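Architecture at a glance
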Amino acid sequence: MNYTQILNEIYQEIKPYSNVGEPASYIPELQKVNPDSYGICLRTIRGAEYVMGDSDERFSIQSISKVFSLAMGFCLEGETLWKRIGVEPSGSAFNSVIQLEIEKGIPRNPLINAGALVVADILLSHLEHPEEEYLQFVRQLCGGNKQIKYNESMAVSEREHGYLNAAIANMLKYHSNIQNDIERVLRFYFRQCSLGMSCRELAQAFIPFSNHTQPFKFDKITLTASQVKRINAIMQTCGFYDEAGEFSYRVGLPGKSGVGGGIAAICPRKYSVAVWSPRLNKKGNSVMGMKALELLTTKTEVSIF
Ligand code: GLN
């Protein structure tokens, strides 16, 4: 497959979308990013890399971080995790409170904010140094890359404006689905979201999810092939909030987006891909990122379907 040519063609074809959408504004720090950035990195399971644009620039991975925390939570907690969180698509916004109230504090899935806050609570209960261990795990997914760091000003900026996430955390606590102190859970969650990674680094971090028949083993964090497949299934059905169906229809790969404008996706047993463009659509997903991945699976004629 000539991925270099395909990435070039994609870039030419998505240019008309370069002014569509706006970067997220509810986290003031995210506004400092150049809205016209665009980067992509496709990495095959054999380790070949194909890049274009700002593929080495780090950006805030935001909700993509929920996949890494889920992997840790699933390893540490096992099946009992699913007593506290569901595995159904939410069909509503990533930060919806209404659904959580109706469903009595059990989040629909671990990839919406409510679910990720419960996972954060689980990590806090299991780990002695949660922030350090989370960072260590992500660095290990990237071959021990110590350049990957939290962005403290991003985390603080989000906490200062994080009224909705605080409301969700309170609702969870009211329903006894958070065990630790709410502030502590929020602090951890905002830190994980603030993590700065480039497309190249994200593509590397997602290879173990793509190559799930190889052992998933990173120090304390180990998952069986079946558990990795299940995380992929959750990405497929829940990775794009109320646009999960749209992404599945247009792209056909398991993936996860973040309001920083990043999307990471995998083609099982073939490649992982990360794309970044900060302008978002109304659902909080990158406009150019979604279009780029749609063109990728259309041009290669390969998706999971
Ligand atoms: N930190 C963001 C929030 O909680 C993450 C949301 C996202 O990327 N969709 O609102």
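Quantities reported herein were computed from a predicted structural model and do not represent experimental measurements.

Taking strand neighbours across the sheet as the criterion, the five strands line up as S2-S1-S9-S8-S7 in an open arrangement whose pairing is antiparallel. Because the sheet does not close on itself, it has two edges, and the strands there are strand S2 (49-53) and strand S7 (255-257). Neighbouring strand axes in the sheet, compared pairwise and without regard to direction, differ in orientation by 5° on average. In this sheet, S2 lies alongside strand S1 (residues 39-44) in antiparallel orientation, the contact comprising five bridges. Considered in S2, the bridge of Ile 40 is made with Met 52.

Now for the side chain of Ser 257. As for its position among the elements, Ser 257 is in strand S7. A polar atom in the side chain of Ser 257 sits 2.6 Å from the side chain of Asn 285. Beyond its immediate chain neighbours, meaning those up to four positions away, Ser 257 contacts Ser 63, Ile 64, Gly 239, Phe 240, Tyr 241, Gly 262, Ile 263 and Asn 285.

Moving on: the packing of helix H2 (residues 65-77) against helix H10 (residues 199-210). Viewed as axis vectors pointing N to C, H2 and H10 meet at an angle of 35°, and their least axial separation amounts to 12 Å. The two elements H2 and H10 meet at a crossing, and its hand is left-handed. Two secondary-structure elements touch here, H2 through Val 67, Phe 68 and Ala 71 and H10 through Leu 202, Ala 205, Phe 206 and Phe 209. Of the residues belonging to the contact of H2 with H10, the class tally is seven nonpolar, no polar and no charged.

Before going further, it helps to examine the packing of aromatic side chains. Counted under the stated rule, the structure contains 16 aromatic pairs. Their ring planes at 5° and their centres at 4.8 Å tell us that Phe 59 and Trp 276 sit as a pair that is stacked. You can see Phe 59 sitting in strand S3 (residues 59-60) and its partner Trp 276 sitting in strand S9 (residues 271-276), a full 217 residues away along the chain. On the basis of relative accessibility, which here comes to 5%, the residue Phe 59 falls in the buried class. Assessed through its relative accessible area of 0%, Trp 276 is described here as buried.

About the cut-offs
Residues numbered from 1 in each chain as written. Predicted model: local features only at pLDDT ≥ 70, side-chain atom pairs only at ≥ 80, totals over all residues. Heavy atoms only, no water. Pairing = 2+ DSSP bridges. Helix = DSSP H or I, 4+ residues; strand = E, 2+ residues; numbered from the N terminus. Axes fitted to C-alpha atoms, helices over the stretch in contact; angles between N-to-C directions. Polar contact = N/O pair within 3.5 Å; in protein donor to acceptor, adjacent residues only side chain to side chain. Contact = heavy atoms within 4.5 Å. Left-handed = near helix turned anticlockwise from the far one by under 90°. Nonpolar A, V, L, I, M, F, W, Y, C, P; charged D, E, K, R; others polar. Phe/Tyr/Trp six-rings, centres within 6.5 Å; stacked < 30°, edge-to-face > 60°. Buried < 20%, exposed > 50% of the residue type's maximum accessible area, 1.4 Å probe, protein only.

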